[in-house]
Amino acid sequence: MECPVCLDNFNTSIHMPYVLPCGHSVCVSCVDALIKAHNNFCPIDRRDFTSRDQLKPNYDFLEVLQAQITPVIQNLLCCNGHLIEELVTVTQNCEICDKRRSTLWFCITCQYGVCDKCKNWFEGSRSVIEPGLKCYRSHSMRLTEDVQKYYPKRKGVFLCDGCLKKSSGSSTHCRKCNVDFCIECYQKLIELIPVATNIFCTCKNQLAWRFSEVCGKCKRCKNAYKKSGSFLCLKCKNKFCIKCTDCIRRNR
Ligand SMILES: [Zn+2]
Ligand SMILES: [Zn+2]
Ligand SMILES: [Zn+2]
Ligand SMILES: [Zn+2]
Ligand SMILES: [Zn+2]
Ligand SMILES: [Zn+2]
Ligand SMILES: [Zn+2]
Ligand SMILES: [Zn+2]
């Protein structure tokens, strides 16, 4: 499906679909261009929309896009792409959680082992393919719809490293570093990363998302983030958390 303005196919980055109040979708780049040119109306039915703040990404459509890119069957594969089907008694670190285990799902050719818990988690989650969505130590992350199934000890509650709030349900997770992002932070991130150049630091320079630049003390809210990247000002090196970057964008 393509954007009715630029005719490029919708994607999860600069052509992310946004829903207008009339229900039609236009990509984020074209929404910005329309607003800049004061042409605040739908290119299809000419109904107007007032401000950018009212518009949200078309989440339903994004889900369809992601399902197209992500394979449906989440078979456990070793680092070299072999299917892992054998449970073996061997003492070595699990490649996913890095914990020492004595039984592992194992690729004998590559000596690659995954513990039972991680196998279960892997098969019940999907890879996160959005650019920039990695853990602060550069590992790729996976999205679990309901943490309760996979982390029974946590009783379905986890601390989100993106907003530091207790959260439940869906989590974007790195099992090596124990990083979790709640669904709100995940959605804010995929919304903010492509438009960060239109969001400005107090020094008027634009921001950019850096997953590996630990936010630390956010310049605006002063909260201490230990396992989240940051929206960074490359000029003055100010770092902003996900929530504050969203607030700055909405002028709140
Ligand atoms: Zn477009
Ligand atoms: Zn319309
Ligand atoms: Zn493991
Ligand atoms: Zn292998
Ligand atoms: Zn969060
Ligand atoms: Zn990690
Ligand atoms: Zn903040
Ligand atoms: Zn700055």
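Counting from 1, residues in each chain are numbered in the order their sequence is written. Numbering of ligands from 1 and lettering of chains from A proceed in the order in which they are written. A pLDDT threshold of at least 70 governs which residues receive local features in this predicted model, and a stricter bar of 80 or more applies before side-chain atom pairs are shown or counted, although totals over entire chains, interfaces and linings include all residues. Hydrogens are left out, water is left out, and the side-chain values use all remaining heavy atoms of the structure.

The name an unreviewed UniProt entry assigns to the protein is RING-type domain-containing protein, from the organism Stentor coeruleus.

Trainee: Before we move on, can you summarise the domain arrangement of the protein with the specific residues and values?
Mentor: Segmenting the protein into domains produces domain 1 (17–69), domain 2 (75–123), domain 3 (125–187) and domain 4 (193–249). Here the bounds of each domain stem from an automatic or database domain assignment. Placing the centre of domain 1 and that of domain 3 at their C-alpha centroids yields a distance of 28 Å.

Trainee: Lay out the side chain of E130 in plain terms, naming residues and giving numbers.
Mentor: Mapping E130 onto the fold places it in the loop between β7 (125–127) and β8 (142–144). In protein, a polar contact means a hydrogen-donor-capable atom and an acceptor-capable atom, both N or O and within 3.5 Å, with residues adjacent in sequence counting only if both atoms are side-chain atoms; elsewhere, any N or O pair within 3.5 Å suffices. Of note is the side chain of E130, whose polar atom sits 2.8 Å from the side chain of Y186. Contacts: residue pairs with any heavy atoms within 4.5 Å of one another. Those residues within four positions of E130 in sequence are excluded, and the remaining contacts are T12, Q66, Y186 and I190. Working definition: helices are DSSP H or I runs of at least four residues, strands are E runs of at least two. Numbering for both runs from the N terminus.

Trainee: Can you break down the pattern of salt bridges residue by residue, with the values?
Mentor: Here the idea is simple: oppositely charged side chains can pair when their charged atoms come close. Any Lys or Arg side-chain nitrogen located within 4 Å of an Asp or Glu carboxyl oxygen qualifies as a salt bridge. According to the stated counting rule, one finds eight salt bridges in the structure shown. Between D45 and R47 there is a salt bridge, with the nearest N and O atoms lying 3.8 Å from each other. Relative accessible area decides the class of each residue, using a 1.4 Å probe on protein chains only: under 20% of the type maximum gives buried, over 50% gives exposed, and in between gives partly exposed. When its relative accessible area of 27% is taken as the criterion, D45 is described as partly exposed. Note on R47: relative accessible area 53%, which makes it exposed. Notably, a salt bridge pairs E191 with K56, separated by 3.8 Å at the nearest N-O pair. Placement of E191 in helix α5 (residues 183–192) and of K56 in strand β3 (residues 56–57) is noted, with a sequence separation of 135 residues between them. Taking the relative accessible area as the measure of exposure, E191 reaches 2% and is therefore buried. K56 sits in the partly exposed class, given a relative accessible area of 38%. Salt bridges sharing partners connect three or more residues here, namely K56, E191, D246, R249 and R250.

Trainee: I'd like to hear about a negative patch on the surface, residue by residue, with values.
Mentor: The patches described consist of residues with a relative accessible area above 30% and no salt bridge, like charges being joined within 9 Å and nonpolar side chains (Val, Leu, Ile, Met, Phe, Trp, Tyr) within 5 Å. For the accessible areas, the method is Shrake-Rupley and the probe is 1.4 Å, while residue cover comes only from the protein chains on display. Residues scored as charged are limited to Lys and Arg (positive) and Asp and Glu (negative), so that His and the chain ends carry no count. For charged residues, the charge sits on one atom: NZ in Lys, CZ in Arg, CG in Asp, CD in Glu. A cluster of acidic residues, D60, E63, E145 and D146, forms a negative patch at the surface. Secondary-structure assignment places D146 in the loop between β8 and α4 (147–150).

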